[in-house]
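Here is how the chains run, residue by residue.
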Amino acid sequence: MQFALLIVLGAAVGMGLRRIVLWRRCGCNPPAQRLYLAMSWAVGGGAYAAMAVQEAVLLFSGQLHWRNALPLHLCSLMGLFTLPMLISRRRLLRHLSLYLGLPGALMALLFPAVLETPWPRVTELAFHLMHCCVFLAPLLPLSLGWRPSPWGAAWSLGFLALAACVALGMNALTGGNYLFLNFSPVPWMNQWGQTAWRLTLAALAVLVLLAEGCTVYLLQRKRGWSH
């Protein structure tokens, strides 16, 4: 389901981005800005709608608890940031969305950890829609000429460390598993023990952000990107 949804939404977003780029090259900035704004509301609103459905399903199924309903998973945080990032165009939010939201959403689509509810199809659709929106959102600002900075990877790592501290505290208070810091959603990985799992997560985050930062740096040098 998730890949079909990603292909359909990706195609729609891709056509819109192509139109924005073409309009900007022709000097037609007002229609380009209007289309960008409409797409921003569609993608950001889609993320919010999907999150609202997830919360509603938890509520009506009696599973809404402090340990699982707070937006303290990485993609939930990025889902909250998506619309403000697209509308306000703040560089920090754009970098967080690109460096954290995009790879985090991709991992969630590849290895979905969907809660079991009485309405599995609705739950899965909302889960996948939210992650597709988070994945596609950082591509929109690129159509307006924004180019990321390699230093965005460092800022994102600092934000992720802060989010991890908050998640650890909430996990201790609620017994939850925010940011998957207490145990892995992949059962066989839990045989390593909690400390080894957390170190693996930290190493993976650093490697991904380092790879993203280096990629952006190389593109910046090769193509003369400015940010």
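For the structure, see preceding data.
Asker: Got a sec to walk through helix α2 (residues 29-60)? Specific residues and values, please.
Answerer: Structural remark: α-helix, 3.6 residues per turn; residues separated by three or four positions point the same way. The terminal C-alpha atoms of α2 lie 46 Å apart, and with 32 residues this matches the ideal 46 Å at 1.5 Å per residue to within 8%. Following α2 by one or two positions, G62 has its phi on the positive side, about 75°.

Asker: Just give me the short version of helix α5 (residues 120-136), but keep the residues and values in it.
Answerer: Along its 17 residues, α5 runs 24 Å from first to last C-alpha, staying within 8% of the 24 Å computed at 1.5 Å per residue. Buried within α5 we find T123, A126, F127, H128, M130, H131, C132, C133, V134, F135 and L136. Tucked into the core, α5 has its buried residues touching α1 (2-25), α2, α3 (74-88) and α4 (91-110).

Asker: Help me get a handle on the packing of α3 against α4, residues and values and all.
Answerer: Running from amino to carboxyl end, α3 crosses α4 at an angle of 140°, the nearest separation of the two axes being 9 Å. In this view, α3 runs oblique relative to α4, as classed from their interaxial angle. Helix-helix and strand crossings are classified by hand; for α3 and α4 the assignment is left-handed. Of the residues in α4, those touching α3 at L74, C75, M78, F81, P84, M85 and S88 are L93, R94, L96, S97, L100, G101, G104, A105 and A108. Of the residues assigned to the contact of α3 with α4, the class counts are 11 nonpolar, 4 polar and 1 charged.

Asker: Now, about the side chain of N171: what can you tell me, with residues and values included?
Answerer: Tracing the backbone shows N171 in helix α6 (residues 152-174). Among the polar contacts made by the side chain of N171, one reaches the main-chain amide nitrogen of N177 at a distance of 3.4 Å. Sequence-distant contacts of N171, defined by excluding residues within four places in its chain, comprise G176, N177, Y178, L181 and N182.

Cut-off values and rules
- Residues numbered from 1 in each chain as written.
- Predicted model: local features only at pLDDT ≥ 70, side-chain atom pairs only at ≥ 80, totals over all residues.
- Heavy atoms only, no water.
- Helix = DSSP H or I, 4+ residues; strand = E, 2+ residues; numbered from the N terminus.
- Expected span 1.5 Å × (residues − 1).
- Buried < 20%, exposed > 50% of the residue type's maximum accessible area, 1.4 Å probe, protein only.
- Contact = heavy atoms within 4.5 Å.
- Axes fitted to C-alpha atoms, helices over the stretch in contact; angles between N-to-C directions.
- Parallel < 35°, antiparallel > 145°, perpendicular 65-115°, else oblique.
- Left-handed = near helix turned anticlockwise from the far one by under 90°.
- Nonpolar A, V, L, I, M, F, W, Y, C, P; charged D, E, K, R; others polar.
- Polar contact = N/O pair within 3.5 Å; in protein donor to acceptor, adjacent residues only side chain to side chain.

Note that every value here comes from positions in space, so none of it alone points to a role or purpose.
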